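Fold and geometry: a report
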Amino acid sequence: MTDKKAHLKIDGIDTTIELPIYSSTIGPDVIDVTSITKNGFFTFDPGFMSTASCESKITFIDGDEGVLLHRGYPIEQLAVSSDYIETCYLLLNGELPTPAQKEEFTAEVKKHSVVDPSVANIIKSFKRESHPMAILCSAVAALAAVYNDEIDITNAESRKLTAYRLIGQIATLSSMVYKHRKGEEFVAPDSNLDYAENFLNMTFGTAGQPSSVSKTIAKAMDRIFILHADHEQNASTSTVRLSGSSGTNPFAAIAAGISTLWGPAHGGANEAVLEMLEEIGTVENIEACVARAKDKTSGFRLMGFGHRVYKNFDPRAKVMKQTCDEVLSELGLENEPLLAIAKRLEQIALEDPYFISKKLYPNVDFYSGIIMKAIGIPTEMFTVIFALGRAVGWYSHWNEMVSTSYKIGRPRQQYTGSPKRDYPKK
């Protein structure tokens, strides 16, 4: 809070409207415009690009400087020094856990990772060629039916239990989606494995067989989860908050977030990277494609470069690049044709004056797409992996909202339709 005020003077109105200005810890302060409504006006902000819809203590982004902080900790440090489960605890609770707290949190997530048979049957009921995001969305929504009578959103302990269930079961559900589409038997969670290793074993392992997941691959998957865990008030997170503001079941709100993430303008970016690489086809075609990308009239875009938020290097991409190199080396895929195209594009983007001047650096989607392709995750499953990692961010924002006094979301509009008119007499 601050004593600063903004004063709005509108032509034709004698009164000057006084608007409070609230201070942020870091980043822009915000002007409270709620009082303008009683003067007969709404603000107009398509896409909410200039509107703070809430107050939050979870994540901060400075796109111009390439900064991403979770509870104050830089994402680069978390990705290198932390792990996904510890990052989950941080996002949910505001502080890093003590060793004892992390042990307890990990045990609870593992304890609640088994999916109810009714939800498993729902997954099995889908056609195998169904889009995996449709299956995942339905499965998460079904958790609202399983736990509907056990969730009290006004009770902190109930919300904590729901967090364990979501984090534990979203990994199991995601692997089930993959297994169902492959026509293979589900693999049960293994409490002896770390979170990422367990997910990979449930996805690529065989029921009844011990895990053979590479530590390098598990580490890479864990980093993918961390780097996608939260990204402030994006479209899907805002959807979860708006849906949750009605008091709905949190699993239903998360399912709404998954539906939003499904859109190609949001969660489908790393999928688009692979489609672009396949369209380019060979290293020899790269120069022509880069020339087309520079031509505004061509309609061709290089996917995975630049970011709507970051006008500098995506801080997540720096760590993901290192992880990408480690994975390709581990798997001996440095010279795989599709990945060779990606590496050449990366080199051009980092050296070409056109890309540098426009700050079109490779982003996290560029590298994560390459990693998941190398690991063997099908392109259509990429957004499912994104949703798996992001689930804790969605839940953290929902939990933050319902832990305080909040109002049901009710955006306004500028009406430009017909004025009032009478129904024609017959």
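A brief report on the enclosed structure follows.

Reading the values: the criteria
- Residues numbered from 1 in each chain as written.
- Predicted model: local features only at pLDDT ≥ 70, side-chain atom pairs only at ≥ 80, totals over all residues.
- Heavy atoms only, no water.
- Core = buried A, V, L, I, M, F, W, Y, C linked by side-chain atoms within 4.5 Å.
- Buried < 20%, exposed > 50% of the residue type's maximum accessible area, 1.4 Å probe, protein only.
- Helix = DSSP H or I, 4+ residues; strand = E, 2+ residues; numbered from the N terminus.
- Contact = heavy atoms within 4.5 Å.
- Disulfide = S-S within 2.5 Å.
- Phe/Tyr/Trp six-rings, centres within 6.5 Å; stacked < 30°, edge-to-face > 60°.
- Pairing = 2+ DSSP bridges.
- Polar contact = N/O pair within 3.5 Å; in protein donor to acceptor, adjacent residues only side chain to side chain.
- 1 Å grid on protein atoms, 1.4 Å probe; cavity = no way out; pocket = protein on both sides within 12 Å on 5 of 7 lines; lining within 4 Å.
- Points joined across faces, edges and corners; volume = space filled by probe spheres on them.
- Nonpolar A, V, L, I, M, F, W, Y, C, P; charged D, E, K, R; others polar.
- Salt bridge = Lys/Arg side-chain N within 4 Å of Asp/Glu carboxyl O.

Let's shift gears to the nonpolar core. Membership of the largest hydrophobic core comes to 114 residues, with the highest contact counts inside it found for Leu173, Tyr195 and Leu345. Per-element tally for this core: the top contributor is helix 17 (residues 382–402), with 13 residues. Ignoring any residue separated from it by four or fewer positions in sequence, one finds leucine 345 in contact with Met276, Leu277, Ile280, Ile286, Val290, Leu302, Phe305 and Phe366. Grouped together as the second largest cluster of nonpolar side chains are six residues, Ile10, Ile17, Ile21 and Ile36 included.

Another point: the state of the cysteines. A covalent bond bridging the sulfur atoms of two cysteines is what the word disulfide describes. What the rule picks out here adds up to zero disulfides. There is no disulfide at cysteine 289, and the cysteine sulfur nearest it, in cysteine 324, is 20 Å away. Classification of cysteine 289 by relative accessible area gives buried; the value is 8%.

We now examine the packing of aromatic side chains. This model, assessed by the stated rule, comprises 13 aromatic pairs. Measuring from centroid to centroid gives 5.7 Å for phenylalanine 105 and tyrosine 164, while their planes differ by 65 degrees, and the two rings are edge-to-face. You can see phenylalanine 105 sitting in helix 3 (residues 99–111) and its partner tyrosine 164 sitting in helix 6 (residues 156–182), a full 59 residues away along the chain. Of the two residues, phenylalanine 105 and tyrosine 164, neither departs from the other in class, the shared state being buried. Ring plane angle 80 degrees and centroid distance 6.0 Å describe the contact between tyrosine 195 and phenylalanine 225, whose orientation is recorded as edge-to-face. With tyrosine 195 in helix 7 (residues 195–204) and phenylalanine 225 in helix 8 (residues 215–227), the pair connects residues that are 30 residues apart, well separated along the chain. With relative accessibility at 11%, the residue tyrosine 195 sits in the buried group. Taking relative accessible area as the criterion, phenylalanine 225 reaches 0% and is therefore assigned buried.

Bringing the sheet that holds strand 4 (residues 59–62) into the picture now. The pairing of strands in a sheet comes from backbone hydrogen bonds and takes either a parallel or an antiparallel form. Spatially, 4-5-6 is the arrangement adopted by the three strands of the open sheet, whose pairing is antiparallel. Whereas interior strands pair on both sides, the edge strands pair on one side only; in this sheet they are strand 4 and strand 6 (73–74). Two strands pair when backbone bridges link them, and strand 5 (residues 67–70) and strand 6 are joined in this way by two bridges, in the antiparallel orientation. Bridge assignment links leucine 69 to a residue of strand 6, and that residue is proline 74.

A few words now on the environment of threonine 98. Structurally, threonine 98 is set in the loop between helix 2 (84–93) and helix 3. The class of threonine 98 is partly exposed, set by a relative accessible area of 38%. For the pair threonine 98 and serine 81, spaced 17 residues apart in sequence, the C-alpha separation works out to 15 Å.

This part covers the pairing of strand 2 (residues 17–22). Only one face of strand 2 is buried, namely the one carrying Ile17, Leu19 and Ile21, since none of Glu18, Pro20 and Tyr22 on the opposite face is buried. Bridge count between strand 1 (residues 5–8) and strand 2: four bridges; the pairing is antiparallel. Within strand 2, the residue paired with lysine 5 across the bridge is proline 20. Of the strand pairs in this sheet, strand 2 and strand 3 (residues 30–31) are connected by two bridges, and their pairing is antiparallel. The partner of tyrosine 22 across the bridge, within strand 3, is valine 30.

This part takes up the side chain of threonine 59. Mapped onto the elements of the fold, threonine 59 is located in strand 4. Residue class for threonine 59 comes out buried when judged on its relative accessible area of 9%. A polar atom in the side chain of threonine 59 sits 3.0 Å from the side chain of histidine 70. A distance of 2.4 Å separates polar atoms of two side chains, one belonging to threonine 59 and the other to aspartate 230. Ignoring sequence-local partners within four residues, the contact set of threonine 59 consists of Leu68, Leu69, His70, Leu91, Asp230, His231 and Glu232.

Here we take up the layout of surface pockets. For the second largest pocket, the calculated volume is near 500 Å³. In terms of lining residues, the second largest pocket is bounded by 28 residues, among which Asp83, Asp194, Tyr195, Ala196 and Asp222 are the most central. Considering every element that reaches the lining of the second largest pocket, the biggest residue donor is helix 8, with five residues. Grouping the amino acids of the lining of the second largest pocket by side-chain chemistry returns twelve nonpolar, six polar and ten charged.

In total, this model carries 13 salt bridges according to the counting rule given. The closest approach of N and O atoms between glutamate 150 and arginine 165, which form a salt bridge, is 2.7 Å. Taken together, the residues glutamate 150 in the loop between helix 5 (132–146) and helix 6 and arginine 165 in helix 6 connect sequence positions 15 residues apart. When its relative accessible area of 8% is taken as the criterion, arginine 165 is described as buried. Linking glutamate 346 and lysine 321 is a salt bridge whose minimum nitrogen-to-oxygen distance equals 2.8 Å. In this pair, glutamate 346 sits in helix 14 (residues 337–351) while lysine 321 sits in helix 13 (residues 315–331), placing the two residues 25 residues apart along the sequence. Since its relative accessible area comes to 4%, glutamate 346 is described here as buried. Put simply, Lys321, Asp325 and Glu346 are held in one network by salt bridges that share partners.

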